[in-house]
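# Tertiary structure, described
Here's the letter readout for the chains.
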Amino acid sequence: MTTTKPSAPGGAASPPLSRLLDATATALQAIRAGQSGTAALDASDAALRPAVQALLFQVLRNLGRAQALRRQLAPRNPPARVDALLCTALALAWDTEAAPYEPFTLVNQAVQAAKHSAATRAQAGFVNACLRRFLREREALVVATQGDEVAVWNHPAWWIKRLRQDHPERWQQILQASNLPAPMVLRVSKKKSSPALYQQALTAIKIESTLVGDSGLALARPVPVGQLPGFADGVVSVQDGAAQMAAPLLLAGLDASQPLRLLDACAAPGGKTAHLLEWAAALRAPWQVTALEVDAQRAERIHDNLRRLGLSAQVVVADAARPADWWQQASGGALFDAILLDAPCTASGIVRRHPDVRWLRRESDVAQLAGQQARLLAALWPLLRPGGRMLYCTCSVFRAEGDEQITAFLAHNTDALLLPSPGHLFPGNPDMRHALPDNGPGEHDGFFYALLQKKT
Ligand SMILES: C[S@@+](CC[C@H](N)C(=O)[O-])C[C@H]1O[C@@H](n2cnc3c(N)ncnc32)[C@H](O)[C@@H]1O
């Protein structure tokens, strides 16, 4: 089906497309130099940011294809800024159905952007020649990149190889899902409302949503949180469906009449801490939650989130892998009844929301992060009382950060028992349910969960 594309950004006051392409190429160049997508976007003009983010995300989801096309058009690497502009235009224009503007408009405006910026002006003729040839020979050039799997899947070669080895039956579906935008998902506070009631409130203001899991709602279109009824009063939080599985997995079945000690060991920005507290509040359970975070600045965000939700926890800034620094202060040296370890990871399961992550990670990060996860598991396990539970999770689809990590842990800790657990969850939406049979609540990011119990 062919759709009519806008010939320029909407509205008379909108910035020219050439300016948006220039800002998008600047952000792409920063990411290629190692900056995160968020930092790269923060550096762009605030008024342009939403439009630049939309273009940048599409570019990052098509960067493998764009790089392969650029090599066809110019086998020698042009200067970084010129390359970023060429790749921006090619990523947006190569697929005419998905292109946000007509390909010739994108090309014209990219050439304008090259002429206007001091960093590219001298190469504007070269940019023009490459992109005009692309318009003339688009189909043949695209066919010539079909044999390149980085162009086909738009992920680095090492990432594709690892997924193929880790999940031989579904690596393609994982990559396909990872390249789709993710919906905005809300968690409804158990104490303040229910998903059904909140869905009615959304319907009343014409915000469409579908139920996700037992506390979530996926919005048909993202909206600023200020438009969500009761957001400022803590009725809802923004949290992916897979992340919403942590609190029920760890807490279901715990004795709500006992004053239990819970530790959230890697807590910032506090999404799961808040969910644990909402559960405790809904059950009127006298549970104490300690939220531990190594990064003081990120720990501030736990306070901010809990304040909005009207919840409180003991927030401690310390390295979870060094209990000697914080355990006495946090619990007087008492063992914990339950520990959530949401460990730092490659974030390979949340690339739908952070399409920069795949291009920023290096293959060596996987082993380095797996080592960090193993050290955290080893340091925290002795702090769990016999009979207590630890929920280990990562937002990764790599087995080194999931089931391989837990298999190694169980081999070294004979007092640990693996309780029924989701294991690896793959990113996807309800339409992919048949392809991804263990896709839990239907709509969520990639995750891994293992629930461990210490033998008595
Ligand atoms: C995956 S994020 C946690 C997300 C959080 N649980 C939530 O749901 O909002 C991992 C967090 O662990 C923190 N972290 C990393 N290493 C740590 C350590 N050794 N001790 C404590 N926190 C650590 C990171 O700074 C980061 O904020």
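Numbering of residues starts from 1 in every chain and runs along the sequence as written. Residue-level local features of this predicted model are given only where pLDDT is at least 70; pairs of side-chain atoms are given and counted only at 80 or more, and the full residue set underlies all totals for whole chains, interfaces and linings. For side-chain calculations, the full set of non-hydrogen atoms in the structure is used, while hydrogens and water are omitted.

The name given to the protein in an unreviewed UniProt entry is 16S rRNA (Cytosine(967)-C(5))-methyltransferase RsmB, and the organism recorded there is Diaphorobacter limosus.

## Concerning the site of the ligand
Worth spelling out the cut-off: When we say a residue is near a molecule or strand, we mean one of its heavy atoms is within 4 Å of it. The definition of a polar contact used here is a pair of N or O atoms within 3.5 Å, where within protein one atom must be able to donate a hydrogen and the other to accept one, and adjacent residues in sequence count solely through side-chain atom pairs. Using the Shrake-Rupley algorithm and a 1.4 Å probe, accessible areas are obtained, with residue cover drawn only from the displayed protein chains. In this count, Pro and Cys sit with the nonpolar residues alongside Ala, Val, Leu, Ile, Met, Phe, Trp and Tyr, while Asp, Glu, Lys and Arg are called charged and the others, Gly among them, polar.
Neighbouring residues of the ligand: 18 residues in total, closest G271, E293, R298, D319 and D342. Between the ligand and C266 there is a distance of 3.1 Å, counted from a nitrogen atom to a backbone nitrogen or oxygen. At a separation of 2.6 Å, an oxygen atom of the ligand approaches a polar side-chain atom of E293. When the ligand sits alone it has 610 Å² of accessible area, and the protein chains cover 85% of it. Its residues placed into classes, the shell around the ligand shows 10 nonpolar, 3 polar and 5 charged.

## Points about the packing of helix 17 (residues 363–380) against helix 18 (residues 403–412)
Each pair of packed helices can be summarised by the angle the axes make with each other and by the distance between the axes. Heads up, the condition is: Helix axes are fitted to C-alpha atoms over the stretch in contact, other axes to C-alpha atoms as well, and angles between N-to-C directions run from 0 to 180 degrees. Labels follow the DSSP assignment, with helices taken as runs of H or I lasting at least four residues and strands as runs of E lasting at least two, numbered in each case from the N terminus. Angle categories: roughly parallel below 35 degrees, roughly antiparallel above 145, roughly perpendicular from 65 to 115, and oblique for all the rest. Whether a crossing is left-handed or right-handed is set by the direction in which the near helix is turned from the far one by less than a right angle, anticlockwise for left-handed and clockwise for right-handed. In this analysis, two residues are considered to be in contact whenever any of their non-hydrogen atoms come within 4.5 Å of each other.
Closest axis-to-axis distance for the helix 17/helix 18 pair is 11 Å, and the angle between their directions is 40°. In terms of axis orientation, helix 17 runs oblique to helix 18. The way helix 17 lies across helix 18 gives a crossing that is right-handed. For the pair helix 17 and helix 18, contact is made by A370, Q373, A374 and L377 and by Q405, I406 and F409, respectively. Tallied by class, residues from the contact of helix 17 with helix 18 come to 5 nonpolar, 2 polar and no charged.

## Considerations on the pattern of salt bridges
How we decide: Salt bridges, as used here, are contacts in which a Lys or Arg side-chain nitrogen is within 4 Å of a carboxyl oxygen on Asp or Glu. Residue exposure (1.4 Å probe, protein chains only): buried if accessible area is under 20% of the type maximum, exposed if over 50%, otherwise partly exposed.
Under the definition given, this model contains 20 salt bridges. Close ionic contact of R353 with D240 constitutes a salt bridge, the shortest N to O distance being 3.0 Å. Taken together, the positions of R353 in the loop between strand 8 (336–342) and helix 16 (357–360) and D240 in the loop between strand 4 (236–238) and helix 12 (246–251) put the pair 113 residues apart, joining distant regions of the chain. Put simply, K272 and D342 hold a salt bridge, and the shortest N to O gap is 2.6 Å. Note that K272 is positioned in helix 13 (residues 271–283) and D342 in strand 8, a separation of 70 residues in sequence. For D342, a relative accessible area of 17% puts it in the buried group. Residues participating in the shared-partner salt-bridge network are D240, R352, R353 and D445.

## Here we look at the sheet that holds strand 3 (residues 216–219)
Stated formally: Between any two strands, at least two bridges found by DSSP are needed for them to pair.
Read from one edge of the open sheet, 4 strands run 2-3-1-4, paired in antiparallel fashion. Unpaired on one side and paired on the other, strand 2 (209–212) and strand 4 mark the two borders of the sheet. For this sheet, the mean angle separating the axes of adjacent strands, direction not counted, is 30°. Strand direction decides the pairing type here: strand 2 and strand 3, joined by 4 bridges, are antiparallel. Bridge assignment links T210 to a residue of strand 3, and that residue is A218. Lying on the sheet, helix 11 (residues 195–204) is in contact with strand 1 (185–188), strand 2, strand 3 and strand 4; it crosses strand 3 at an angle near 25°.

## A word on the UniProt feature "binding site: S-adenosyl-L-methionine" (unreviewed entry) in the protein
What counts here: UniProt positions are given in the numbering used here, feature names are shortened, and annotations may be inferred rather than shown by experiment.
The UniProt record annotates "binding site: S-adenosyl-L-methionine" (unreviewed entry) at C266, A267, A268, P269, G270, G271, K272, E293, D319 and D342. Structurally, C266 can be placed in the loop between strand 5 (261–264) and helix 13. C266 sits in the buried class, given a relative accessible area of 17%.

## Overview of the domain arrangement of the protein
As a reminder, the rule being used: The start and end points of each domain follow an automatic or database-based domain assignment.
Segmentation of the protein into domains returns domain 1 (17–154), domain 2 (185–238) and domain 3 (245–454). Each of domain 2 and domain 3 has a C-alpha centre, and the two are 24 Å apart. The interface formed by domain 2 and domain 3 contains 1 salt bridge. Across the pair R187 and E278 runs a salt bridge whose closest N-O atoms are separated by 2.9 Å. On inspection of domain 2 and its partner domain 3, the count reaches 6 residue pairs in polar contact (both at pLDDT 80 or more). Elements represented by at least two residues in the side of domain 2 that touches domain 3 include exactly strand 1 and strand 4. Of the residues assigned to the side of domain 2 that touches domain 3, the class counts are 6 nonpolar, 5 polar and 5 charged.

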